[in-house]
Amino acid sequence: MSRRSLLYAANWKMHHGPAAARDFLSRFLNLTSPVADRRLWFFPPSISIAAACEASAGRQDVTIGAQNVHWEPKGPFTGELSLPLVAEAGARAVLIGHSERRHLFGETDEQVGRKLAAALKARVTPLVCVGETLAEREGGRTEAVVTRQIGSLLERITPGEWEKVVLAYEPVWAIGTGKNATPDDAAQVHELIRFEISRRGVAHRVPILYGGSVNQGNVLALLAREEVDGVLVGGASLEPDSWAELVGLGA
Ligand code: PEP
């Protein structure tokens, strides 16, 4: 594997409270050493952000993030968390537009765009997810859907601000299903995304991660594609030993 910069992002979804997050990280960090050009991001449930930050203090290669935020900095939004609140807990990154937010909670392109703008304003690094559903793929609409999703992000921020953005292509049909896109499928959509952002004047090489049933068996083939700058992983990131093994495969 080449020494190019790779980002491994773990989305823990609704797993690992503060004690479990601490245990996970102390075990995981014992099993891994920092590697040049390898970034390790963790998205625990928000209640575990502070514990995860404490447990990973001193490891410059580790970043802790939030799985979701509201775009307003404060206000009457019961049950929501703002960017200043998650940043105070220690989050330096935030997942935006994950397909579970879009499809289970009805988040729209417009809301995703607002969250992106708010994250940049709060100086919390956004990891924005895009991707098509199975019906959209089977209907030949992958390109149109991803172009629309990227287009709505482009409306919200200036070309220069893309320097602080990370993207993830996550085909909805591949998330938590055990089906993953082939390296060719992923590379094709990553190329499309890169084309869309560069033709709108974004000069910076925005990292584009792939996500959707990534595991130890398929990660190297995906990362072997130069279009893939890292992976966003749910299920296979939940256990410290096997996650340490997975991130070690490409090192
Ligand atoms: C995810 O949650 O972003 C994800 C890709 O999940 P999984 O790896 O389980 O498909």
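Along each chain, the written sequence defines residue order, and numbers are assigned to residues from 1. This being a predicted model, a pLDDT of at least 70 is required before a residue's local features are given, and a value of 80 or more before pairs of side-chain atoms are given or counted; all residues contribute to the totals for chains, interfaces and linings. Computation of side-chain values covers all heavy atoms of the structure but excludes hydrogens and water.

Explain helix H5 (residues 109-121) here, please?
Given 3.6 residues per helical turn, the α-helix brings residues three or four places apart onto the same face. To qualify as a helix, a DSSP run of H or I must reach at least 4 residues; to qualify as a strand, a run of E must reach at least 2; elements of each kind are numbered from the N terminus. By this rule the span expected of a helix is its residue count minus one, scaled by 1.5 Å. The terminal C-alpha atoms of H5 lie 18 Å apart, and with 13 residues this matches the ideal 18 Å at 1.5 Å per residue to within 8%. Note on classification: 1.4 Å probe, protein chains only; a residue is buried when its accessible area is under 20% of the maximum for its type, exposed when over 50%, partly exposed between these limits. Listed as buried for H5 are Asp-109, Val-112, Gly-113, Lys-115, Leu-116, Ala-118, Ala-119 and Leu-120. Packing partners of the buried residues in H5 comprise helix H3 (83-89), strand E4 (93-96), helix H4 (99-104), strand E5 (125-130) and helix H7 (142-156). With its phi angle positive at about 60 degrees, Arg-123 sits one or two positions after the end of H5. In what follows, a contact means two residues having at least one pair of non-hydrogen atoms within 4.5 Å.

Help me understand the pairing of strand E1 (residues 6-11), please; the structure alone is not making it clear to me.
Looking down a regular strand, the side chains alternate between one sheet face and the other. Within E1, six of the six residues are buried, which leaves it mostly tucked inside the rest of the structure. Residues of E1 alternate between two faces, with Leu-6, Tyr-8 and Ala-10 on one and Leu-7, Ala-9 and Asn-11 on the opposite face, all of them buried. Pairing between E1 and strand E2 (residues 38-43): six bridges, direction parallel. Bridge pairing in E2 links Ala-9 to Trp-41. Sheet topology note: the E1/strand E8 (residues 230-233) ladder contains four bridges and is parallel. Its bridge partner being in E8, Leu-7 is matched across the sheet by Gly-230. Two strands qualify as a pair provided that DSSP identifies no fewer than 2 bridges between them.

What should I look at first to understand the layout of surface pockets in this one?
Over the atoms rolls a probe the size of a water molecule, and in doing so it shows where empty space is left. The computed volume of the largest pocket comes to approximately 510 Å³. Using a 1 Å grid laid over the protein atoms alone, points where a 1.4 Å probe fits but cannot get out form a cavity; open sets with protein on both sides within 12 Å along at least 5 of 7 lines form a pocket; any residue with an atom within 4 Å of a point counts as lining. Lining the largest pocket are 19 residues; nearest its centre among them are Met-14, Gln-67, Asn-68, Arg-101 and Phe-105. No other element matches the three residues that H4 contributes to the lining of the largest pocket. Per-class residue counts for the lining of the largest pocket are eight nonpolar, seven polar and four charged. Grid points are joined across faces, edges and corners, and a volume is the space filled by probe spheres set on the points. Residues were grouped as follows: Ala, Val, Leu, Ile, Met, Phe, Trp, Tyr, Cys and Pro as nonpolar; Asp, Glu, Lys and Arg as charged; and all remaining residues, including Gly, as polar.

Sorry if this is basic, but what is going on with the sheet that holds E8 here?
For sheets, the rule is that strands pair by backbone hydrogen bonds, running either parallel or antiparallel. Ordered in space as E1-E2-E3-E4-E5-E6-E7-E8, the eight strands form a closed barrel in which the pairing is parallel. In this sheet, adjacent strand axes meet at a mean angle of 25 degrees when their direction is disregarded. Axis definition: a line fitted to C-alpha atoms, over the contacting stretch in the case of helices. Angles run 0 to 180 degrees between N-to-C directions. Its contacts with the sheet put helix H10 (residues 240-249) on E1, E2 and E8, and the angle it makes with E1 is roughly 160 degrees.

When you look at the site of the ligand in this model, what are you seeing that I'm missing?
For this description, a residue counts as near a given molecule or strand if any of its non-hydrogen atoms is within 4 Å of it. Near the ligand, the surroundings consist of 14 residues, among which Lys-13, His-98, Gly-176, Ser-213 and Gly-234 are the closest. For the ligand, an oxygen atom lies 2.8 Å from a polar atom in the backbone of Gly-234. One of the backbone nitrogen or oxygen atoms of Gly-235 is found 2.9 Å away from an oxygen atom of the ligand. Method for areas: the Shrake-Rupley scheme with a 1.4 Å probe, in which residue coverage is limited to the protein chains shown. Taking 290 Å² as the accessible area of the ligand by itself, protein coverage stands at 96%. Taken together, the residues of the shell around the ligand sort by class into four nonpolar, eight polar and two charged. For the purposes of these results, a polar contact is taken to be a pair of N or O atoms within 3.5 Å, where, inside protein, one atom must be able to donate a hydrogen and its partner to accept one; residues adjacent in sequence count only when each atom of the pair is a side-chain atom.

All we've got here are geometric facts, nothing functional implied.
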